[in-house]
Amino acid sequence: MDEDLIAKKDVLEEAGISYGQLYRWKRKGLIPEAWFIRKATVTGQETFFPRDKILPRIEQIRSLKEEQSLDELVQILAPEAAPETVKHDDPAALSPIGTEGRKLLWKERGYTFGELVALACGTHALRSGTRPAEAKLLVDLVRTEETVLRTPTGMTALLGEKAFEQEGFSVRLTLGVLGHEPLKVDRESRVKHRVDLEKIAEQVKLALREVT
Amino acid sequence: MESQSISISGSGRVSGGEYTQVRISGSGRVEGDVVAQEIRVSGAARFQGTVKAKEISVSGAGKFTDRVEADVLVTSGSCGIEGDAEAKELRSSGAQRIGGSFRGHYVRVSGVLHVARDMETDVFTSSGKFEIGGLLSADRVEIKLVGDSRAREIGGENIDIRASSGFSFGFSLTRGFRMGVGIGTLTVGEIEGDNVHLEATTADVVRGKIVHIGPGCRIGRVEYAESLDVHPEAEVREKVKR
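The structure displayed is predicted, hence computed values, not measured ones.

**Digging into the overall build of chain A**
Okay, step 1: Counting secondary structure elements, chain A contains 8 helices and 6 strands.
Okay, step 2: Counted from the first residue to the last, chain A has its helices and strands arranged as β-α-α-β-β-α-α-α-α-α-β-β-β-α.
Okay, step 3: In chain A, buried positions account for 50% of the 212 residues.
Okay, step 4: Here chain A displays about 10800 Å² of accessible surface, and carbon together with sulfur accounts for 51% of that area.

Structure (structure tokens):
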């Protein structure tokens, strides 16, 4: 596994939290089951976490915990509790989408949570220089798979590109792929853009919280 | 919506649906998903489908083939749930078996509890015997050992495991073990908590802030942050202060 992992005891020390808090947050669903990675070490079994996920999450919980109850936090942070009933009218007001992102999927009103996440994926790609037509491809891909957003499975959506020459013409093919990491493409193709659905979904949830 | 009650006192079979009360005192079978205010089983019942109720009490033999959700689940007979179970309160003085995971707030075991996967609750108290295939997680774990209990992992804030009163009356624990006098034991892979007090427990690893290892314990490795004390009648192979 090439992911950067951090041992549970180091998480406690670095974040200054107790076992009680960690287990409580896990029970509430604030820390997804999938982040608990058990590995054999010289001293026996130990639990590790993806460093770039667990530390920011603890920070979020701690900064939001002041104003909100743990149950409210679950609504904001826990992917499986994603509000399927969300109908949001103004995606342009959400920072992960903005005016440029809204154009990728135009509706008068009533965007569902899945559509918002799809838009945020597209915007993410746009902002790193992907062409609008390709960003739209990503939006369509994620939008049809709304259910994956409700389970904290750590899925990734990516745009792959393959370029080849044919009878003097240069052809470029772009393909949208949705799946679990590690996702690989063949050697002649390249990954144009990669988004972590869980991360994007979180950004959308936080943005939704900010505008209400 | 006006919903009805059913009562089976001989032998019968009903289909699922929405009921105020379901009482089975003979032998009954409910086929399909059930939503009810109250379910009482004092005979033998088999529920085929998911069950959702405010209160479920089983004093006979109850079998649930799917998921069970309740505010209060009380078992004094034998209750088998093949799927996951969720209950704010679980009180079991009989035999309770859960084939999946359990989630709730308050659990009290004085009979026998068997959970195949995780048991997650705010409070877990036991003066019975339990076997948990996965993680037992609670803010407060209070266990009075009778019989031999097991769990793969225990984690939470306060973990307090006491041997049954036998040796507080002054007879040697090691002798108690040898003679097999009714002293309970606990076998766990890993225990993690902020305040950990253990007795008669065998564990591979114990991690905690304030750790107390009492008589009869056999621990492979203790990792502690603040303090550790080990009773002379306990065995700890490795101690690490973080």
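**Let's talk about the pattern of salt bridges**
Side chains bearing opposite charge may pair, as long as their charged atoms lie close to each other.
Okay, step 1: Inspection of the entire model under this criterion finds 43 salt bridges over all chains.
Okay, step 2: A salt bridge links R131 of chain A to E134 of chain A; the shortest N-O distance between them is 2.9 Å.
Okay, step 3: Look at the salt bridges and you will find they share partners, linking K8, K9 and E46 of chain A together with E190, E192, R207, R221, E223 and E238 of chain B into a network.

**With respect to the domain arrangement of chain B**
In many analyses, interface size is given as the accessible surface area lost on bringing the parts together.
Residues and elements named next belong to chain B.
Okay, step 1: One can read the domain layout of chain B as domain 1 (1–106 + 113–118) and domain 2 (122–242).
Okay, step 2: The gap between the C-alpha centroids of domain 1 and domain 2 is 33 Å.
Okay, step 3: Taken together, the contacts link 9 residues of domain 1 with 11 residues of domain 2.
Okay, step 4: For the pair domain 1 and domain 2, the summed buried area comes to about 770 Å², and 42% of that belongs to carbon and sulfur atoms.

**Things to note about the side chain of K53 of chain A**
Okay, step 1: As for its placement among the helices and strands, K53 of chain A is situated in helix α3 (residues 51–65).
Okay, step 2: Buried charge K53 of chain A goes without a salt bridge, the closest partner of opposite sign being D196 of chain A at 4.1 Å.

**Digging into the sheet that holds strand β3 (residues 44–50) of chain A**
All names here are of chain A.
Okay, step 1: The antiparallel open sheet is built from 3 strands, whose spatial order is β1-β3-β2. Each of the sheet's edge strands pairs with one partner strand only, and the pair in question is β1 (5–7) and β2 (37–41). Across the sheet, the mean angle separating the axes of adjacent strands is 45 degrees when strand polarity is ignored.
Okay, step 2: Here β2 runs beside β3; their pairing, made up of 5 bridges, is antiparallel. Among the inter-strand pairings, T41 is bridged to a residue of β3, identified as G44.
Okay, step 3: Those strands touched by α3 are β1 and β3, and its axis lies near 70 degrees from that of β3.

**Notes on unusual backbone geometry**
Okay, step 1: A cis geometry characterises the amide bond from E181 of chain A onward to P182 of chain A, with omega recorded as -5 degrees.
Okay, step 2: By secondary structure assignment, the location of P182 of chain A is in the loop between β5 (169–180) and β6 (189–196).
Okay, step 3: At A200 of chain B, a residue that is not glycine, the phi angle is positive and equals roughly 45 degrees.
Okay, step 4: With respect to the helices, strands and loops of the structure, A200 of chain B is situated in the loop between β17 (185–198) and β18 (201–213).
Okay, step 5: Residue classification places A200 of chain B among the buried positions, given a relative accessible area of 1%.

**Some points on the interface of chain A and chain B**
Okay, step 1: Across the boundary between the two partners, chain A contributes 15 residues, which contact 24 residues of chain B.
Okay, step 2: When chain A packs against chain B, the two sides together hide about 1700 Å² of surface, and 39% of this comes from carbon and sulfur.
Okay, step 3: When the buried surface of chain A facing chain B is broken down by residue, Y19, Y23 and R27 of chain A rank first, second and third, together holding 43% of it.
Okay, step 4: Scanning the region where chain A abuts chain B turns up 8 salt bridges.
Okay, step 5: For the interface between chain A and chain B, the tally reads 13 residue pairs in polar contact (both at pLDDT 80 or more).

**Focus on the domain arrangement of chain A**
Residue and element names in this part refer to chain A.
Okay, step 1: Structurally, chain A comprises domain 1 (5–77) and domain 2 (91–211).
Okay, step 2: For domain 1 and domain 2, the distance between their C-alpha centres works out to 27 Å.
Okay, step 3: Listed per partner, the contact involves 12 residues of domain 1 and 8 residues of domain 2.
Okay, step 4: Summed over both sides, the interface between domain 1 and domain 2 buries roughly 840 Å², with carbon and sulfur atoms accounting for 50% of that surface.
Okay, step 5: Taken together, the connections running from domain 1 to domain 2 amount to 1 salt bridge.
Okay, step 6: The residue E202 makes a salt bridge to R57 at a minimum N-O spacing of 2.5 Å.

**Brief notes about the packing of helix α6 (residues 113–127) of chain A against helix α8 (residues 197–211) of chain A**
Residue and element names in this part refer to chain A.
Okay, step 1: Two elements in contact, α6 and α8, have axes separated by 9 Å at closest approach and are oriented at 110 degrees. As summarised for this structure, α6 and α8 are arranged roughly perpendicular, according to the angle between their axes. α6 and α8 meet at a crossing whose hand is right-handed. Packed against α6, whose contacting residues are F113, L116, V117, A120, C121 and H124, the element α8 presents L197, I200, A201, V204, K205 and L208 at the interface.

**Quick word on the pairing of strand β5 (residues 51–58) of chain B**
Residues and elements named next belong to chain B.
Okay, step 1: Across 7 bridges, the pairing between strand β3 (residues 27–41) and β5 is parallel. The residue of β5 that forms the bridge with R40 is S57.
Okay, step 2: Relative to strand β7 (residues 68–75), β5 is paired through 7 bridges, and the arrangement is parallel. Opposite V58, over in β7, you have T75 as the bridge partner.

**Overview of the packing of aromatic side chains**
Okay, step 1: Applying the stated rule across the entire model yields 3 aromatic pairs over all chains.
Okay, step 2: Relative to F49 of chain A, the ring of F36 of chain A has its centre 4.7 Å away and its plane inclined at 70 degrees; by these criteria the two rings are edge-to-face. In this pair, F36 of chain A sits in the loop between α2 (19–28) and β2 while F49 of chain A sits in strand β3, placing the two residues 13 residues apart along the sequence. Like F49 of chain A, F36 of chain A is buried.
Okay, step 3: With a centroid separation of 5.4 Å and 85 degrees between ring planes, the pair formed by F124 of chain B and F130 of chain B is classed as edge-to-face. Neither residue differs from the other here; F124 of chain B and F130 of chain B are each classed as buried.
Okay, step 4: Here the basic side chain of K26 of chain A rests over the ring of F36 of chain A, its NZ or CZ set 4.8 Å away from the ring centre.

Reading the values: the criteria
Counting restarts for each chain: residues are numbered from 1 in the order of the written sequence. Labels are handed out in written order, letters beginning with A for the chains and numbers beginning with 1 for the ligands. Only residues with pLDDT of 70 or above have their local features reported here, since the model is predicted, and side-chain atom pairs are shown and tallied only from 80 upward, although totals for entire chains, interfaces and linings are computed over all residues. With hydrogens and water set aside, each side-chain value is computed from the structure's full complement of heavy atoms. A run of DSSP states H or I qualifies as a helix once it reaches four residues; a run of E qualifies as a strand once it reaches two. Both are numbered from the N-terminal end. Relative accessibility thresholds used throughout: buried, under 20% of the residue-type maximum; exposed, over 50%; partly exposed, between the two (1.4 Å probe, protein chains only). Every accessible area reported is derived by Shrake-Rupley at a probe size of 1.4 Å, with residue values counting cover from the shown protein chains alone. A side-chain nitrogen of Lys or Arg and a carboxyl oxygen of Asp or Glu constitute a salt bridge if their distance falls within 4 Å. Boundaries of every domain are those given by an automatic assignment or by a domain database. The contact rule is simple, with two residues in contact once any of their heavy atoms fall within 4.5 Å. Buried area is understood as the total, over both parts, of accessible area removed when two parts are fitted together, assessed with a 1.4 Å probe. Only four residue types enter the tally: Lys and Arg on the positive side, Asp and Glu on the negative side, with His and both chain ends excluded. Should DSSP find at least two bridges between two strands, the strands are regarded as paired. Think of each axis as a best-fit line through the C-alpha atoms, taken over the contacting stretch in the case of a helix, with angles from 0 to 180 degrees between the N-to-C directions. Pairs of N or O atoms within 3.5 Å make up the polar contacts considered here, provided that, within protein, one atom can donate a hydrogen while the other can accept it, and that residues adjacent in sequence are counted only when both atoms are side-chain atoms. By the definition adopted for this analysis, an angle is roughly parallel if under 35 degrees, roughly antiparallel if over 145, roughly perpendicular if from 65 to 115, and oblique otherwise. Definitions for this section: a left-handed crossing has its near helix turned counterclockwise from the far helix by less than a right angle. A right-handed crossing has that turn clockwise. Here the aromatic set is Phe, Tyr and Trp, taking the six-membered ring for Trp, and pairing holds for ring centres within 6.5 Å; pairs whose planes are under 30 degrees apart are stacked, those over 60 apart are edge-to-face, and all others are tilted. Sitting over a ring, as applied to charges here, requires NZ of Lys or CZ of Arg to be within 6 Å of the ring centre and within 35 degrees of the ring normal.

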